[in-house]
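These are the residues of each chain, in order.
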Amino acid sequence: MSSGGFFEGRRVTVTGGASFIGSHLSAALLAAGARVRVADDYSSGSPANLSPILADVEALELDLRDPDAARAACAGAELVFHLAAAHGGRGYIDSHPVQCAENLLLDQVVLRAALRAGTGKVVFASSACVYPTGLQRVPAPDRKLREEMVGPPYEPDGMYGMAKLCGELSLRSLVAEHGLDGVICRYFTAYGPRCSESHAIVAMIARAFTGADPFEVWGTGEQVRTWIYVDDVVRMTMLAAQRLGGGQAVNVATEERHTVREAAELVLRTTGHRARIRTNPDMPTGPMYRSADAALARRLLGYTPQVDLAEGVRRTAEWYYTTRDRDLTARLLDRLVVERGGGRDEPWRVQGDDGAVAP
Ligand SMILES: NC(=O)c1ccc[n+]([C@@H]2O[C@H](COP(=O)([O-])OP(=O)(O)OC[C@H]3O[C@@H](n4cnc5c(N)ncnc54)[C@H](O)[C@@H]3O)[C@@H](O)[C@H]2O)c1
């Protein structure tokens, strides 16, 4: 890890550290020499995600909407990576606006706690959903979402995007008025081991795993996305923590674009599952054309994502096929694709990542 020296001995808190991305980030910070505290309520994150590192991190089970809990989470931390959120894929965020609105509260409480604790820097996990949806309605192959495109009049993607936008603006206000340092990482559709079925790539792998035929794809299949593998998300987040400040926003994204249909075909090829693809335009699909510009990240972080979609899908499918129970997954899949997934009880997971059988 190139940023190893920077993190050596540093006290860091990862809110939502038991999450899909947070658990990988916590492990990488630990490997880079940081003293890691994870604060999570296990509402979608899971203790099983932490099992490979549980003995080496301080794990606090807390609801961070409670100011006392947020204070305990931030106490003594030089860096706070704020990833905790009511979050899921398209199926979740479109059908759970009230839960997503809770992120407004969560972010305010955590940012205030970090300020009061004298935290040196907050790294805020924001999202591509802060970008104006009007820029993403029609295919425009040359239009890539650049960091400065988020501005008035704002037009974020649903309540989830609105809350992330308010989190960004709140962090910037604290930077400007109170001297809290901060960085905004705008994650574009991440995937990889531990990602839930509410996200398209893992939903498709789950459909292949359970033998679905026809193989349902939400929307027309022509929606464009730039999927980024979780290891690249983690590396870029750590580099952003190390190199950026002052409320700077940066896309954590790849410029490798694919339609959802192409991704479905890749999943079928990778898993060897033969099925007829059936598109379903009645299901939630999100913007038609979401394509990231990664130039600022290349320049400021000196980093280009290393794992392409073919390799990322291969690794993710391998993880999925070795950790899930087929019959249970088949029974639960309709629910899993619209819920947050994870949580303390994951009955469909037969093994932890370290090979241990989960409780
Ligand atoms: N996965 C993506 O593609 C993606 C894209 C854009 C942004 N993000 C953001 O990145 C972060 C991590 O995403 P993820 O995919 O790992 O999501 P996730 O759902 O796995 O993680 C959210 C974590 O926050 C925890 N949490 C939720 N509410 C909490 C509360 N009140 N108190 C304490 N903990 C709480 C959950 O238990 C979970 O561990 C989130 O902020 C998410 O909004 C993710």
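The structure we're discussing is the one just above.
Residues numbered from 1 in each chain as written. Predicted model: local features only at pLDDT ≥ 70, side-chain atom pairs only at ≥ 80, totals over all residues. Heavy atoms only, no water.

Novice: Give me the lowdown on the overall build of the chain, citing residues and values where you can.
Specialist: Within the chain one finds 13 helices and 13 strands. Against the compact-globule benchmark of 21 Å for 359 residues, the chain has a radius of gyration of 19 Å, which places it among compact chains. Seen along its three principal axes, the alpha-carbon backbone of the chain occupies a region of about 55 × 45 × 40 Å. Counting across all 359 residues of the chain, residues that qualify as buried make up 57%. Put simply, 80% of the contacts in the chain that link residues at least 6 apart link residues at least 24 apart. (Helix = DSSP H or I, 4+ residues; strand = E, 2+ residues; numbered from the N terminus. Rg over C-alpha atoms; globule rule 2.2 N^0.38 Å. Buried < 20%, exposed > 50% of the residue type's maximum accessible area, 1.4 Å probe, protein only. Contact = heavy atoms within 4.5 Å.)

Novice: Tell me about the pattern of salt bridges, and please be specific about residues and values.
Specialist: Enumeration over the complete set of coordinates arrives at 20 salt bridges. Note that E155 is salt-bridged to R137, the shortest N-O span being 2.8 Å. Placement of E155 in the loop between β5 (121-127) and α7 (158-178) and of R137 in the loop between β5 and α7 is noted, with a sequence separation of 18 residues between them. Accessibility expressed as a relative area gives 29% for E155, which makes it partly exposed. Assessed through its relative accessible area of 51%, R137 is described here as exposed. One salt bridge connects E255 with R298, and the closest N-O pair in it is separated by 3.8 Å. Pair noted here: E255 is in the loop between β11 (248-252) and β12 (258-259) and R298 is in helix α11 (residues 295-301), with a separation of 43 residues, a long-range link. It is possible to trace a salt-bridge network through shared partners that takes in D231, E311, R314, R315 and E318. (Salt bridge = Lys/Arg side-chain N within 4 Å of Asp/Glu carboxyl O.)

Novice: Mind laying out the packing of helix α2 (residues 20-31) against helix α9 (residues 230-243), listing which residues take part and the relevant values?
Specialist: As a packed pair, α2 and α9 sit with axes 9 Å apart at the nearest point and diverge in direction by 60 degrees. If you check the angle between α2 and α9, you find them oblique. Seen along the crossing, α2 lies across α9 with a hand that is right-handed. Contacts from F20, I21, H24, L25, A28 and L29 in α2 reach V230, V233, V234, T237 and M238 in α9. (Axes fitted to C-alpha atoms, helices over the stretch in contact; angles between N-to-C directions. Parallel < 35°, antiparallel > 145°, perpendicular 65-115°, else oblique. Left-handed = near helix turned anticlockwise from the far one by under 90°.)

Novice: Describe the site of the ligand, naming the residues involved and giving the relevant values.
Specialist: Taken together, 30 residues lie near the ligand, and D40, S44, L83, Y160 and A190 sit nearest. Taking D63, its side chain carries an N or O atom lying 2.9 Å from a nitrogen atom of the ligand. Within the backbone of A190, a nitrogen or oxygen atom sits 2.8 Å from an oxygen atom of the ligand. For the ligand, whose unbound accessible area comes to 810 Å², protein coverage reaches 96%. At the level of elements, α2, β5 and α7 are the ones that each hand at least two residues to the shell around the ligand. The leading source of residues in the shell around the ligand is β5, at 3 residues. Here the residues of the shell around the ligand sort into 14 nonpolar, 10 polar and 6 charged. (Near = heavy atom within 4 Å. Polar contact = N/O pair within 3.5 Å; in protein donor to acceptor, adjacent residues only side chain to side chain. Areas by Shrake-Rupley, 256 points an atom, 1.4 Å probe, with all protein chains shown as cover. Nonpolar A, V, L, I, M, F, W, Y, C, P; charged D, E, K, R; others polar.)

Novice: Can you explain the sheet that holds strand β6 (residues 181-187)? Please cite residues and give values.
Specialist: Sheet architecture is open: 7 strands sit in the order β3-β2-β1-β4-β5-β6-β11, paired in parallel fashion. Of all the strands in the sheet, just β3 (58-61) and β11 have a single pairing partner and so form its edges. Taken over all neighbouring pairs, the strand axes of this sheet differ in orientation by 20 degrees on average, direction set aside. The sheet contact formed by strand β4 (residues 79-82) and β5 spans 4 bridges and is parallel. Bridged to F81 within β5 is V123. Across the sheet, α2 touches β1 (11-15), β2 (35-40), β4 and β6, and the angle it forms with β1 is around 170 degrees. Of the strands in this sheet, β5, β6 and β11 are in contact with α7, which crosses β5 at around 155 degrees. (Pairing = 2+ DSSP bridges.)

Novice: Before we move on, can you summarise the environment of I93 with the specific residues and values?
Specialist: In this structure, I93 sits in helix α5 (residues 90-95). Sequence spacing of I93 and S198 is 105 residues, and the spatial spacing of their C-alpha atoms is 9.4 Å. Look past the residues within four positions of I93 in its chain and what remains in contact with it is G88, C100, C129 and Y160.

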